[in-house]
Every structure is written in structure tokens, then in C-alpha cells.
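Coordinate inspection notes
Read off the chains here:
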Amino acid sequence: MLSAALVLLALLVLWSLWALRRHVQQRLAAEEALRTEYAFRKAMEDSLTVGMRARDLDGRITYVNPAFCRMVGWSAEELVGCVPPMPYWSPEVMDTTMEWHRRVMAGDAPPDGFEIQFRRRNGEAFWALIYEAPLIDADGRQSGWMASVLDKTERKHAEELPRVQRTQMQRTAR
């Protein structure tokens, strides 16, 4: 009886070790898949020319991509954790910017985006087109806001160029 119990315990230990080994292999495979997915997502985000900025429900910046950092001139380390007023908000339009911030935090961001003037770290003003969308967590709850930020400076210059050229032509014609 004692020998049978020992053999049974030995078989149980071996089965447990085999099950543990299988579990560890599955976990390692899942971790590898997660690392691969993260690397792929990170490479995509880093290659974007569109600035991405995530904020929590209190308006605190939780994430910025490299394009956003290049756009405004501050590093991710300097921006993550910032609360309004943000360092890239233009002092000349602070009230308008704060009003847009309040509207977004209240869930009243226009679906077709809005334009606002920001400033780069070097003080240069630029126009940004911002699209805000709710940031949904893994449980399906809103955890903040994700913004796509486009630098409209070049487009503004391109739109302005025909007007300037017309003005110059009219001046020359006179």
C-alpha cells in the first residue's frame, strides 16, 4: 500500500511538472507575441508624421509620440505628466485654448476637428488641426482622450500664397 501511494505521488508530481512546463511554454509564447505586437505598434507610432497626444480624464498628458515632440519642441519626458496650461499653448490665445480644452474634457470635441494656435519651444507660433477621440481602456471604459495633431503651418502658407500673389499682381498692375 505504501509503495502504491509513493508511485501514485511520484506520478502526480510528474504530471504536475509536465503541466507546469506546458503552462510556462504557453506563457513564454504569449509574452513573445506581446513583445512582437508592442514592437510593431511602437514602430508604427514612431514612423507617423501626425502628432499623437493622450490625456487622462483630468487633462494630464499620459503619452506623446515622437512626431508631436518634434512639432512642439519639448521631449516626451518633459510633456508626460503636464497639466493645463500646457507649455506649448500660445500665451496670445490662452483663453481660447483653455475653452477648447474644457470642451474636449466635457466630451464636446467637434468630430471634424478644430484649429488652434500653438507655439514651439523656440517661441514660433504655428497652427494645429486637432482631432480628439475618446480613449477606451481594455474594460471598455473611457480613460481619457487621444488627439491626432496636424501641423497646418505649411498648408496655411500654401493657402495664403495665392492671395499674396493676387495682391502683388494687383499692385504691379496699378
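Quick notes on the rules
- Residues numbered from 1 in each chain as written.
- Predicted model: local features only at pLDDT ≥ 70, side-chain atom pairs only at ≥ 80, totals over all residues.
- Heavy atoms only, no water.
- Pairing = 2+ DSSP bridges.
- Helix = DSSP H or I, 4+ residues; strand = E, 2+ residues; numbered from the N terminus.
- Axes fitted to C-alpha atoms, helices over the stretch in contact; angles between N-to-C directions.
- Patch = residues over 30% accessible without salt bridge, like charges linked within 9 Å, V, L, I, M, F, W, Y side chains within 5 Å.
- Areas by Shrake-Rupley, 256 points an atom, 1.4 Å probe, with all protein chains shown as cover.
- Salt bridge = Lys/Arg side-chain N within 4 Å of Asp/Glu carboxyl O.
- Phe/Tyr/Trp six-rings, centres within 6.5 Å; stacked < 30°, edge-to-face > 60°.
- Buried < 20%, exposed > 50% of the residue type's maximum accessible area, 1.4 Å probe, protein only.
- Lys NZ or Arg CZ within 6 Å of the ring centre and 35° of its normal.

What follows is about the sheet that holds strand E3 (residues 114–119). Across the sheet, which stays open at both edges, the five strands sit in the order E2-E1-E5-E4-E3 with antiparallel pairing between neighbours. Looking at strand neighbours, the two that pair on one side only are strand E2 (61–64) and E3, the edges of this open sheet. Looking at each pair of strands side by side, their axes are set apart by 35 degrees on average, direction ignored. Sheet analysis places strand E1 (residues 51–56) next to E2, joined by three bridges and oriented antiparallel. Bridge assignment links Arg53 to a residue of E2, and that residue is Val64.

Below, the discussion takes up a nonpolar patch on the surface. A grouping of Val7, Leu11, Val13, Leu14, Leu17, Leu20, Val24 and Leu28 is seen on the molecular surface, where their side chains present a nonpolar patch of about 750 Å² in accessible area. Mapped onto the fold, Leu11 is located in helix H1 (residues 2–47).

Each aromatic ring pair is characterised by the separation of its centres together with the angle its planes make. Here the structure, examined in full by the defined rule, presents four aromatic pairs. Both rings, one in Trp100 and one in Phe114, keep their centres 4.1 Å apart while their planes meet at 5 degrees; by these two values the pair is stacked. Of this pair, Trp100 sits in helix H4 (residues 94–105) while Phe114 sits in strand E3, and the two are 14 residues apart along the sequence. Take Trp100: its relative accessible area is 18%, and that puts it in the buried class. Aromatic rings pair up to connect Phe68, Tyr88, Phe118 and Phe126 into one cluster. Looking at Arg120, its charged tip hangs above the ring of Phe126, at a distance of 4.2 Å from the centre.

Don't take any of this as a statement about function, it's just geometry.
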